[in-house]
Amino acid sequence: NPLFLYSDVGLGKTHLLHSIGQTLQSKGQSVLYVSAEQFTNDFIKAIREGKSEAFHLKYRGADVLLIDDVQFISGKEQTQEAFFHTFNDLHNSNRQIVLTSDRPPSALALLEERLRSRFEWGLIADIQRPDLETKLAILEQKAINQARQVPPEVIHFLVGRRLTSVRDLEGSLNRVIAWADLLGKPITVDLASQTLSNLDQGEEVLKSTSEEI
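Residues numbered from 1 in each chain as written. Predicted model: local features only at pLDDT ≥ 70, side-chain atom pairs only at ≥ 80, totals over all residues. Heavy atoms only, no water.

Visitor: Go over the packing of helix α3 (residues 52-60) against helix α4 (residues 77-92) with me, naming the residues and quoting the values.
Guide: Packing of α3 against α4 leaves a shortest axis separation of 10 Å and a crossing angle of 50°. In terms of orientation, α3 and α4 fall into the oblique class. Handedness of the crossing formed by α3 with α4: right-handed. Contacts between α3 and α4 involve Phe55, Tyr59 and Arg60 from the former and Ala82, His85, Thr86, Asp89 and Leu90 from the latter. A breakdown of the residues in the contact of α3 with α4 according to their chemical character gives four nonpolar, two polar and two charged. (Axes fitted to C-alpha atoms, helices over the stretch in contact; angles between N-to-C directions. Helix = DSSP H or I, 4+ residues; strand = E, 2+ residues; numbered from the N terminus. Parallel < 35°, antiparallel > 145°, perpendicular 65-115°, else oblique. Left-handed = near helix turned anticlockwise from the far one by under 90°. Contact = heavy atoms within 4.5 Å. Nonpolar A, V, L, I, M, F, W, Y, C, P; charged D, E, K, R; others polar.)

Visitor: A description of unusual backbone geometry should follow, citing residues and the corresponding values.
Guide: In this structure, the amide linkage connecting asparagine 1 to the following residue, proline 2, adopts the cis form with an omega of 10°. Unlike most non-glycine residues, aspartate 69 shows phi in positive territory, near 55°. For aspartate 69, the position within the fold is in the loop between β3 (64-68) and α4. By relative accessible area, which is 25% here, aspartate 69 ends up partly exposed. At alanine 147, a position not held by glycine, the phi torsion is positive, near 55°. Among the structural elements, alanine 147 can be located in the loop between α6 (132-145) and α7 (152-160). (Buried < 20%, exposed > 50% of the residue type's maximum accessible area, 1.4 Å probe, protein only.)

Visitor: Just give me the short version of the pattern of salt bridges, but keep the residues and values in it.
Guide: If you walk through the whole model with that rule in mind, you get ten salt bridges. Between arginine 114 and glutamate 81 there is a salt bridge whose closest N-O contact spans 2.3 Å. In this pair, arginine 114 sits in helix α5 (residues 113-119) while glutamate 81 sits in helix α4, placing the two residues 33 residues apart along the sequence. Taking the relative accessible area as the measure of exposure, arginine 114 reaches 29% and is therefore partly exposed. The shortest N-O distance in the salt bridge between glutamate 170 and lysine 142 comes to 3.6 Å. Residue glutamate 170 is located in helix α8 (residues 166-183), and its partner lysine 142 is located in helix α6; the two are separated by 28 residues in the primary sequence. On the basis of relative accessible area, glutamate 170 is assigned to the partly exposed category, the value being 26%. (Salt bridge = Lys/Arg side-chain N within 4 Å of Asp/Glu carboxyl O.)

Written as structure tokens, this is what we have:
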């Protein structure tokens, strides 16, 4: 405690936060999920309206505090001050704190050192990009969730594009399915290629030779 998750965009940090929150709520714990931006806005509003006590009750009253994109408090001195005291109060009360960021604490240049050291107290988990097999499994499951029959060769074609996030991968599948529905055509590699051709401009498409394989 805290659990600090970081990764590039679109790799599932927010999904993990929601999953943690739902699991703990099902066990009877009170959970507060907010983005760092919302925390900042709530803090500013509390100062403006003179409602600091209500702010403290909201953020220090939960069993579990989940903060998404905590990197956004970097450089905001008063917000960091408020978060520092909130963190200490929760941690001293043995309540769980889970944070996500797009980079590790050590790379948050404008973060106060006292906060950085606290972020490093617990477990820091680096979420890596999925490997080929995981990408295939994700797209196959997404197709099943939409009750669509997507041929394996189309799934492999989509995975073969050099996309950096699961979000982009899923977006490509959704785009192909929508275009097939619009045209009333079956989902094929040719249709997928035509649908995504404009997205590939400036994108390196994976093309492997037999020697490289």
